[in-house]
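Residue-level structural notes
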Amino acid sequence: MRVVLRPGAAVTAVPAEVERLGLRRVLVVSGRRGAEAARMVADALGEACAGLHAEARMHVPAEVADRAVEVARAAGADGCVVVGGGSAIGLGKVIALRTGLPLLAVPSTYSGSEMTPVWGLTEHGAKRTGRDPRVLPRTVVYDPELTLSLPVPLSVTSGVNAIAHAAEALYAPDASPLVSLMAEEGVRAMAGALPALTAAPRDLDARALALHGAWLCGAALGATTMGLHHKLCHVLGGTFGLPHAETHTAVLPYALAHNAPAAPEAMAALGRALGTDDVPGALWDLAAPRSLARLGLAEADVAEAARAATRQAYPNPRQITVAGVTDVLRAAYDGDRPRTDPR
Ligand code: NAD
């Protein structure tokens, strides 16, 4: 896939990339809050834009996907340009999956979804996910200017969401030397960018560095199989309705503290990237600490979430047990400074 990263690229590069793919009538898709940015992209496309559909919602509800597919077909679209965070990109992916239309992505958060062939769809209250090469964008256009409006707290949690992809890619069963290099560099970039953009949210260099990190972390996610941390966040988001990026931020230090004794090489890489011997502690320091309790999880739900996260097998460096997972969730629920499990 092609990647363009430069300030202003949403307006200056998208039309050229659409043309390069030979497309003449693309549907621009976004969420409601992202409609203004999407309108800018649509205007820049001029005649090559077949319409703007600003109806994306979190977790891609089936009826939202059905409607978007209908709109794409009715407009006679020959491609789809999605502008927004992971939720909007998720809708673009399902349009691509159902219609076979080529997808271009213009990400406005650091979720990394644009770099993966993974799609998700929520039907009857349950989110199904799958892998299909058709949903991988042909071109990704990263524009730091588009992320200037991302509030600092959301920038930080979204950045830690990206770091979580890289962290689990480093100890994935299908890790490889090249992907591990991308993951380590992605964490280094993101960990450098987050304090810089917190101090100066409109600093384009810091915003560009964060997108560079999101790109590498997302690519590492797309190439590997995730473990305990992502499983926990999937359960907490899907079954208990907790917010995506904030939940990743609240869980990651404790999931890594738990897995650390069984994943020394991954922890060494993360330590190099973060410049620390105490990876869970450094991640806890990086993001304003938030506990699962503050995100709205009820104490009684810790046990149910632990059972849900152990029901199906998935790869993880440390064996998955109900007791172990309960300890991780309990610690994330309290939100105190993590201690690496000495086992
Ligand atoms: P999101 O897309 O829901 O965005 C969060 C909020 O930020 C929304 O209200 C959105 O309108 C707003 N927003 C986005 N960009 C903004 C900007 N530049 N300025 C101001 N506000 C902005 O959240 P997300 O964290 O980007 O994505 C989460 C979703 O993506 C989840 O459903 C998750 O499952 C999915 N995801 C999928 C993959 C994959 O590989 N398939 C990877 C990561 C995340």
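1. Side note on the pattern of salt bridges
Here the structure, examined in full by the defined rule, presents 17 salt bridges. The partner of Asp43 in a salt bridge is Arg39, with the nearest N and O atoms 3.8 Å apart. Placement of both Asp43 and Arg39 in helix α3 (residues 35-45) is noted, with a separation of four residues, approximately one turn of the helix. Residue Asp43 is classed as exposed on the basis of its relative accessible area, which comes to 52%. For Arg39, a relative accessible area of 42% puts it in the partly exposed group.

2. Some words on the site of the ligand
Taken together, the neighbourhood of the ligand is formed by 19 residues, with Gly86, Ser87, Ser108, Thr109 and Thr116 sitting nearest. With respect to the ligand, the side chain of Lys93 contributes an N or O atom lying 3.5 Å from a nitrogen atom. For the ligand, an oxygen atom lies 2.6 Å from a polar atom in the side chain of Thr116. Relative to its free-state accessible area of 860 Å², the ligand is covered by the protein chains to the extent of 80%. The element contributing the most residues to the shell around the ligand is helix α5 (residues 86-99), with three residues. Taken together, the residues of the shell around the ligand sort by class into five nonpolar, eleven polar and three charged. Residues from two domains meet in the shell around the ligand; each of domain 1 (2-147) and domain 2 (152-334) gives at least three.

3. Some remarks on the nonpolar core
Formed by 45 residues in total, the largest nonpolar core has its most connected members in Tyr110, Met190, Leu256 and Leu270. If you list the elements that add at least two residues to this core, you get β8 (139-142), α6 (152-170), α7 (177-199), α8 (204-223), α10 (244-259), α11 (264-274) and α12 (279-286). The residue makeup of this core includes at least three contributed by each of domain 1 (2-147) and domain 2 (152-334). Setting aside its immediate chain neighbours within four residues, Leu256 contacts Ala167, Tyr171, Met267, Leu270, Val279, Pro280 and Leu283. Formed by 26 residues, the second largest nonpolar core is a distinct cluster that contains Val69, Leu91, Leu103 and Trp119.

4. A word on the domain arrangement of the protein chain
Each assigned domain of the protein chain is listed with its residue range as follows: domain 1 (2-147) and domain 2 (152-334). Measuring from the centre of the C-alpha atoms in domain 1 to the corresponding centre in domain 2 gives 25 Å. With 18 residues of domain 1 at the interface, the matching set in domain 2 holds 22 residues. Of the roughly 1700 Å² buried between domain 1 and domain 2, counting both surfaces, carbon and sulfur atoms make up 68%. On the surface where domain 1 and domain 2 come into contact, there are zero salt bridges. There are six residue pairs in polar contact (both at pLDDT 80 or more) connecting domain 1 and domain 2. Taken together, the elements giving at least two residues each to the side of domain 1 that touches domain 2 come down to β1 (2-5) and β7 (126-131).

5. Regarding the state of the cysteines
Using the criterion set out here, one finds zero disulfides in the structure. Between Cys49, a cysteine without a disulfide, and Cys80, which holds the nearest cysteine sulfur, the sulfur-to-sulfur distance is 10 Å. Relative accessible area serves as the criterion here: at 19%, Cys49 is assigned to the buried category. Residue Cys80 is classed as buried on the basis of its relative accessible area, which comes to 2%.

6. A closer look at α10
Counted at 1.5 Å a residue, the expected span for α10 with its 16 residues is 22 Å, and the 21 Å between its end C-alpha atoms agrees. Taking the largest bend as the criterion, α10 deviates by roughly 40°, centred on Val251, and proline Pro253 comes between one and four positions later. Summarising burial for α10: 15 of the 16 residues are buried, a large majority.

7. Some points on the packing of α6 against α8
Contact geometry of α6 with α8 gives a least axis separation of 8 Å together with a crossing angle of 35°. The interaxial crossing formed by α6 with α8 has left-handed handedness. Note on element contacts: α8 touches α6 through Arg207, Ala214, Cys217, Ala220 and Leu221, opposite Ser155, Ala162, Ile163, His165, Ala166 and Ala169. Class assignment of the residues belonging to the contact of α6 with α8 gives a composition of eight nonpolar, two polar and one charged.

8. Topic: the pairing of strand β5 (residues 103-107)
Extensive coverage of β5 is indicated by the burial of five of its five residues. Of the two faces of β5, both are covered, the one formed by Leu103, Ala105 and Pro107 as well as the one formed by Leu104 and Val106. Examined bridge by bridge, strand β4 (residues 79-84) and β5 share five bridges and lie parallel to one another. Bridging across to β5, Val82 finds its partner in Ala105.

9. Here we look at unusual backbone geometry
Positioned with a positive phi, His59 is a non-glycine residue whose angle comes to about 65°. His59 gets classed as partly exposed once you look at its relative accessible area, which sits at 28%. The backbone phi angle of Val60 is positive, close to 50°, even though this residue is not glycine. In this structure, Val60 sits in the loop between β3 (49-56) and α4 (62-74).

So, how was this worked out
Residues numbered from 1 in each chain as written. Predicted model: local features only at pLDDT ≥ 70, side-chain atom pairs only at ≥ 80, totals over all residues. Heavy atoms only, no water. Salt bridge = Lys/Arg side-chain N within 4 Å of Asp/Glu carboxyl O. Helix = DSSP H or I, 4+ residues; strand = E, 2+ residues; numbered from the N terminus. Buried < 20%, exposed > 50% of the residue type's maximum accessible area, 1.4 Å probe, protein only. Near = heavy atom within 4 Å. Polar contact = N/O pair within 3.5 Å; in protein donor to acceptor, adjacent residues only side chain to side chain. Areas by Shrake-Rupley, 256 points an atom, 1.4 Å probe, with all protein chains shown as cover. Nonpolar A, V, L, I, M, F, W, Y, C, P; charged D, E, K, R; others polar. Domains from an automatic or database assignment. Core = buried A, V, L, I, M, F, W, Y, C linked by side-chain atoms within 4.5 Å. Contact = heavy atoms within 4.5 Å. Buried area = accessible area lost by both parts, 1.4 Å probe. Disulfide = S-S within 2.5 Å. Expected span 1.5 Å × (residues − 1). Bend = angle between axes of the 7 residues up to and from the residue. Axes fitted to C-alpha atoms, helices over the stretch in contact; angles between N-to-C directions. Left-handed = near helix turned anticlockwise from the far one by under 90°. Pairing = 2+ DSSP bridges.

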